[in-house]
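Now for the letters of each chain:
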Amino acid sequence: MPRTTATSPCPCGLPAPYASCCGRYHSGAAAAPTAEALMRSRYSAFVVQDAAYLLRTWHPTTRPPGIEFDAGQRWQGLEILEATEGTAFHTKGTVTFRARWTYQGEADSLYERSRFERVDGAWVYVDGTFEESA
């Protein structure tokens, strides 16, 4: 699998290079301004295997002790299906998405409705409800 570089297309699917899209959140140069931006950046963090960013953007009450990546899993794309609230004017928001991947050559997808909240002004992932693929 090709390595994501600063000039690579951003894994989140927006039409921008990684460095000026999700990469700036991963590096700490900026904070995700909306719940959807945080969702996209977290998906990208799974793609580039940035465990520190994933843990940093996880709500303290639901954060796991660590992240383990599966070497056989390859993320293939993200589709945002719905975003509710989660803007600069909100303290909570939800994002429903589909993330596609392959595992040892077999295709599959995750369909989730994620909840986000602001903690000390920053958006964090709280938890998600996994649903049947629609």
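Residues numbered from 1 in each chain as written. Predicted model: local features only at pLDDT ≥ 70, side-chain atom pairs only at ≥ 80, totals over all residues. Heavy atoms only, no water.

Engineer: So what's going on with the pattern of salt bridges? Residues and values would help.
Structural biologist: All told, the structure shown has three salt bridges when counted by the stated rule. Across the pair Glu-36 and Arg-40 runs a salt bridge, and its minimum N-O distance is 3.1 Å. Of this pair, Glu-36 and Arg-40 both sit in helix 2 (residues 35–48), separated by four residues, roughly a single helical turn. Given a relative accessible area of 13%, Arg-40 falls into the buried group. The partner of Glu-79 in a salt bridge is Arg-98, with the nearest N and O atoms 3.0 Å apart. Separated by 19 residues along the polypeptide, Glu-79 in strand 1 (residues 73–85) and Arg-98 in strand 2 (residues 92–103) bring together distant segments of the chain. Since its relative accessible area comes to 13%, Arg-98 is described here as buried. (Salt bridge = Lys/Arg side-chain N within 4 Å of Asp/Glu carboxyl O. Helix = DSSP H or I, 4+ residues; strand = E, 2+ residues; numbered from the N terminus. Buried < 20%, exposed > 50% of the residue type's maximum accessible area, 1.4 Å probe, protein only.)

Engineer: Provide a residue-level description of the nonpolar core, including the pertinent values.
Structural biologist: Counting 22 residues, the largest nonpolar core has Leu-38, Met-39, Tyr-43, Trp-75, Ala-99 and Phe-116 as the members making the most contacts within it. If you tally residues by element for this core, the top one is helix 2, at seven residues. Not counting residues up to four positions away in its chain, the partners in contact with Met-39 are Ile-80, Val-95, Phe-97, Ser-114 and Phe-116. With five residues, the next largest nonpolar core counts Cys-10, Cys-12, Tyr-18 and Cys-22 among its residues. (Core = buried A, V, L, I, M, F, W, Y, C linked by side-chain atoms within 4.5 Å. Contact = heavy atoms within 4.5 Å.)

Engineer: Let's hear about the packing of aromatic side chains: which residues, and what values?
Structural biologist: Summed over all chains, the structure comprises six aromatic pairs. Ring centres of Phe-46 and Phe-69 lie 6.2 Å apart, and the angle between their planes is 80°; on these two criteria the pair is classed as edge-to-face. Highlighted residues: Phe-46 in helix 2 and Phe-69 in the loop between helix 3 (51–56) and strand 1, separated in sequence by 23 residues. Its relative accessible area of 28% is what places Phe-69 among the partly exposed residues. Both rings, one in Trp-75 and one in Trp-101, keep their centres 5.6 Å apart while their planes meet at 65°; by these two values the pair is edge-to-face. Of this pair, Trp-75 sits in strand 1 while Trp-101 is found in strand 2, placing the two residues 26 residues apart along the sequence. On the basis of relative accessibility, which here comes to 16%, the residue Trp-101 falls in the buried class. Every member of this aromatic cluster is reached through a ring pair, and the members are Tyr-43, Phe-46, Phe-69, Trp-75 and Trp-101. The ring of Trp-58 carries Arg-42 above its face, with NZ or CZ at 4.7 Å from the centroid. (Phe/Tyr/Trp six-rings, centres within 6.5 Å; stacked < 30°, edge-to-face > 60°. Lys NZ or Arg CZ within 6 Å of the ring centre and 35° of its normal.)

Engineer: Give me the lowdown on the side chain of His-59, citing residues and values where you can.
Structural biologist: Here His-59 lies in the loop between helix 3 and strand 1. When its relative accessible area of 10% is taken as the criterion, His-59 is described as buried. When near neighbours in sequence (up to four residues on either side) are disregarded, His-59 contacts Glu-117, Val-119, Val-124, Tyr-125 and Val-126.

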